[in-house]
Amino acid sequence: MKTITRLGLPVLIVLALIQGCTLKPQYLHLDPAIEVTGGPVTSDTLIGLSVTDGRTTKKLGEVGDPNKEMLDVTLNEDFTGLVAERITVALEQRGFSVVPESGAMTRSLNVRVDSLLLNSVKRPLDFETELKAEVSAEARNSNEKYDRAYYVSTYKITAGPPYERHSNVLVNDAVSKALTDMLNDDKLFEMLAR
């Protein structure tokens, strides 16, 4: 009986680990961290801010084995309020006083998350993961307009698939990099400060 227990326990542990590592549909949460390296360009200048989700689908892509099962990776929550909070803090570090954009503002910054893509496909010996993020900004002052898109693209080969927590990190890192690029764009802030 002791021999069966000694042999059975490791088998049960391995089965529990395998079951816990099974791929499931992934539902991600966007909470980007933004690093502002540029200093203030103005002092208490009023700016209107809007953040929108411009994606045509809430599905980012798929994870899995194309010969067995592919599972959806989705970001279907409304993340615009949280992203607006993060951008507001960064704009205040650059010297602006931020209010919601109303259409009647002298200065405005409209930020749109245009696309997010995450696909991870099993190959014979590994997983190939592709991630793309695109964020665009439209800035206006009383006389000028500045449009620009900020892209982040990564490509990884890993031994296993990205599980939900890994996918969350990948997507948040990509959006963080795109927003950090935007909020450290000197041309954008020179135009907004005029």
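These numbers come from a predicted model, not from an experiment.

Novice: Sorry, what's going on with the overall build of the chain here?
Specialist: Helix and strand counts for the chain come out as four helices and eight strands. In sequence order, the chain lays out its α and β elements as α-β-β-β-β-α-β-β-β-β-α-α. Scored against the burial criterion, the 194 residues of the chain give a buried share of 40%. Across the chain, the fraction of contacts at a sequence separation of at least 24, relative to all contacts at a separation of at least 6, is 75%. A total of about 10,900 Å² of accessible surface is found on the chain, and carbon and sulfur atoms cover 55% of it.

Novice: Explain the nonpolar core here, please?
Specialist: Soluble, globular proteins show a tendency: their nonpolar side chains are buried together. By size, the foremost hydrophobic cluster in this structure holds 43 residues, and its most contacted members are Ile87 and Leu91. When residues in this core are grouped by element, the largest group, eight residues, is from helix H3 (residues 164-183). Setting aside residues no more than four positions away along its own chain, Leu91 makes contact with Ile47, Leu49, Phe96, Val98, Leu109, Leu183 and Phe189.

Novice: Sorry if this is basic, but what is going on with the environment of Leu71 here?
Specialist: In this structure, Leu71 sits in strand E4 (residues 69-74). Accessibility expressed as a relative area gives 12% for Leu71, which makes it buried. Linking Leu71 and Ser120, residues 49 residues apart in sequence, is a C-alpha distance of 9.8 Å.

Novice: Mind showing me how you'd approach the side chain of Asn141 here?
Specialist: Within the element layout of this structure, Asn141 appears in the loop between strand E7 (127-140) and strand E8 (145-158). In terms of polar contacts, Asn141 uses its side chain to reach the backbone amide nitrogen of Asn143, at 2.8 Å. The contact partners of Asn141, leaving out residues within four places of it in the chain, are Thr106, Arg107, Met191 and Arg194.

Novice: Looking at this structure, I do not really get the environment of Ser102. What am I missing?
Specialist: Positionally, Ser102 belongs in the loop between strand E5 (96-100) and strand E6 (108-122). C-alpha of Ser102 to C-alpha of Gly48: the two residues are 54 residues apart in sequence and 6.9 Å apart in space. Among the polar contacts made by the side chain of Ser102, one reaches the main-chain amide nitrogen of Ala104 at a distance of 3.4 Å.

Novice: Quick question: what am I supposed to make of the side chain of Ser120 here?
Specialist: By secondary structure assignment, the location of Ser120 is in strand E6. One polar contact links Ser120 to Thr129, side chain to side chain, over a distance of 2.7 Å. In this structure Ser120 touches Glu62, Val63, Gly64, Met70, Phe127, Glu128, Thr129, Pro161 and Pro162, once residues within four positions along its chain are discounted.

Novice: Would you explain the packing of aromatic side chains in this entry?
Specialist: Following the criterion strictly, the structure yields one aromatic pair and no others. Ring centres of Phe96 and Phe189 lie 5.9 Å apart, and the angle between their planes is 45°; on these two criteria the pair is classed as tilted. Linking Phe96 in strand E5 with Phe189 in helix H4 (residues 186-193), this pair joins segments that are 93 residues apart in sequence. The exposure class assigned to Phe96 is buried, which follows from its relative accessible area of 2%. For Phe189, a relative accessible area of 0% translates into the label buried.

Conventions used here
- Residue numbers run consecutively from 1 along every chain, following the written order of its sequence.
- Residue-level local features of this predicted model are given only where pLDDT is at least 70; pairs of side-chain atoms are given and counted only at 80 or more, and the full residue set underlies all totals for whole chains, interfaces and linings.
- Where side-chain values are given, they derive from all heavy atoms of the structure, hydrogens and water being excluded.
- The helix and strand labels rest on DSSP assignments: H or I over at least four residues marks a helix, E over at least two residues marks a strand, and numbering proceeds from the N terminus.
- Buried, partly exposed and exposed residues are distinguished by accessible area as a fraction of the type maximum, computed with a 1.4 Å probe on protein chains only: under 20%, between the cut-offs, and over 50%, respectively.
- The contact criterion used throughout is that any non-hydrogen atoms of two residues lie within 4.5 Å.
- Note on areas: Shrake-Rupley, 1.4 Å probe, and residue coverage restricted to the protein chains presented here.
- Side-chain atoms within 4.5 Å link the members of a nonpolar core, which is a set of buried Ala, Val, Leu, Ile, Met, Phe, Trp, Tyr and Cys residues.
- Within 3.5 Å is the distance limit for a polar contact, defined as a pair of N or O atoms, with the added protein rule that one can donate a hydrogen and the other accept it, and that residues adjacent in sequence qualify only through two side-chain atoms.
- Pairing of aromatic rings covers Phe, Tyr and Trp, the last counted by its six-membered ring, and requires centre-to-centre distances within 6.5 Å; plane angles under 30 degrees mean stacked, over 60 mean edge-to-face, and any other angle means tilted.

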